[in-house]
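Chains, contacts and geometry: an overview
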Amino acid sequence: MDRIAVIGLGNIANRHRKNIRLLFPHVSIIAMSASGRIPTEQISNSDLVVSSIEQVVDAEVDFVIVASPATFHANHATILLKANIPVLIEKPLTASDEDAGLILKKLIETNTFTAVAYCLRYLPSMQKVQKLLDAQAIGRLYNAYIEIGQYLPDWRPSKDYRESVSANEHLGGGALLELSHELDYAQKLLGPLSLEYAILRSSEELQLDVEDSADLVLKTKEGAIVNIHLDFLQKKAYRKCRFVGDQGVIEWDLIKNEVVLSGPTQTKVIYSEPDWDKNQMYLAMVQDFVAKIEQRPNHCVTVEEAIKTVTLVNQIKQHTKA
């Protein structure tokens, strides 16, 4: 590795540059704002700041992390793919089915290494849940209850939340896209989900032009019912999941990084590491993408998998407009 670029200057882009410096101390890190502006402030962990995606291509980078707003992803990624530059695209893949199709089309044309950054796939507790479900530890699944809530103004206290990507439709904001990790892992753990019912709401409290809460009822191929709640409103962060089967229950606390299995006669803590450094997810994800580039075994989230989440989000939006 000689040169790596990160597109975007937000919090997640800052994390990626910092992690690249940690993983590859000797590489040259190129930074670019999503809009192409040259910032007046110092950009941490960067050796060069450029103003266009063409300059990134000309720099002959080894790979690029696209961490711009979702509505910019197709424009940035397709240019990089055309140049056969490997691309790790931040979640969600895109905000629209049309943009997702553009990326997939270019990927098929160029066969360039590409992945999508759903970092929760690298959380140890999720991997434990996957093993339990695969082993049918709770028998036949009846229901799943998935909930995440966190107060949007607390996400980035130094910035007006109304100016954030999360709050603006033209940047790909809203609870569905910003909290799409839950939709990704639900389909990873349970398979394809079909939409039964959805309610999207925008509260008077936050006064956003996007939904700040979503309540979804979905169904697995086997007929299990999956209830998903996403919101920007809860003052105390909450992120849990519960799977109910005919032989027991799996309870997964993502904040505590804990998995508990309950059966008819006993309850057992399968995994509990509340102090585990969650930055390890991001480090593992980048290392896994490098493994993909080097054609070694990996668990990268494919564009095709990420499109399922984009499609589901847009099905939900169309359902609530009907």
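About the thresholds
Think of each chain on its own: its residues are numbered from 1, step by step along the sequence as written. With pLDDT at 70 or above as the cut-off, local features in this predicted model cover only qualifying residues; side-chain atom pairs require 80 or more to be listed or tallied, and sums for whole chains, interfaces and linings still use all residues. In computing side-chain properties, one takes all heavy atoms of the structure into account and sets aside hydrogens as well as water. By the convention used here, strands pair only if DSSP detects at least 2 bridges between them. Each helix corresponds to a stretch of at least 4 residues labelled H or I by DSSP, and each strand to a stretch of at least 2 residues labelled E; elements are numbered beginning at the N terminus. For every element, the axis is a line fit to its C-alpha atoms; helices are fit only across the contacting stretch, and the angle between N-to-C directions ranges from 0 to 180 degrees. Any residue under 20% of the maximum accessible area for its type is buried, any over 50% is exposed, and the rest in between are partly exposed; the area is computed with a 1.4 Å probe on protein chains only. What qualifies as a polar contact is a pair of N or O atoms within 3.5 Å, subject to a donor-acceptor requirement within protein and to the restriction that residues adjacent in sequence count only when both atoms come from side chains. Contacts are assigned to residue pairs that have any heavy atoms within 4.5 Å of one another. For the purposes of this section, nonpolar cores are sets of buried Ala, Val, Leu, Ile, Met, Phe, Trp, Tyr and Cys residues that join through side-chain atoms within 4.5 Å. In this analysis a 1.4 Å probe is tested at points of a 1 Å grid over the protein atoms alone, and where it fits but cannot get out there is a cavity; an open set with protein on both sides within 12 Å along at least five of seven lines is a pocket; lining residues have an atom within 4 Å of a point. Grid points are joined across faces, edges and corners, and a volume is the space filled by probe spheres set on the points.

**Side note on the sheet that holds strand 8 (residues 193-201)**
- In space, the eight strands of this open sheet follow the order 8-9-10-7-11-12-13-14, with mixed pairing throughout. Edge positions in the sheet fall to strand 8 and strand 14 (267-272), since each has one partner strand and no second. Mean inter-strand twist for the sheet, computed between neighbouring axes without regard to direction, equals 10 degrees.
- Where strand 12 (residues 249-253) meets strand 13 (residues 258-262), five bridges bridge the pair, whose relative direction is antiparallel. Looking across to strand 13, one finds that Glu251 is bridged to Val260.

**Description of the side chain of Thr94**
- Along the chain, Thr94 falls in the loop between strand 5 (87-90) and helix 4 (97-110).
- With a relative accessible area of 0%, Thr94 lands in the buried category.
- At a separation of 2.8 Å, a polar atom in the side chain of Thr94 contacts the main-chain carbonyl oxygen of Ser96.
- Excluding anything up to four places from it in sequence, Thr94 contacts Ala70, His73, Asp99, Ala100, Ile103, Leu177 and Val310.

**Points about the nonpolar core**
- Counting residues in hydrophobic clusters, the biggest one holds 73 residues, and the most contacted among them are Phe243 and Trp252.
- The biggest single contributor to this core is helix 8 (residues 279-293), with seven residues.
- Residues within four places of Trp252 in sequence aside, it is in contact with Leu123, Ser125, Met126, Val129, Tyr185, Leu189, Arg239, Lys240, Cys241, Glu258 and Val259.
- Core analysis: the second largest hydrophobic core is formed by 28 residues, Ala77, Leu81, Val87 and Leu107 among them.

**Here's the deal with empty space enclosed by the protein**
- Under the definition given, this model contains two cavities of 30 Å³ or more.
- For the largest cavity, the full set of lining residues is Leu152, Pro153, Trp155, Arg156, Lys159, Asp160, Tyr161 and Ser164.
- In this structure, the second largest cavity spans a volume of roughly 30 Å³.
- Around the second largest cavity sit Leu88, Ala115, Val116, Tyr122, Met285, Phe289, Cys300 and Val301, which together line it.
- Contributions of two or more residues to the lining of the second largest cavity are made by strand 6 (114-117) and helix 8.

Any functional reading would require information that these geometric values do not contain.
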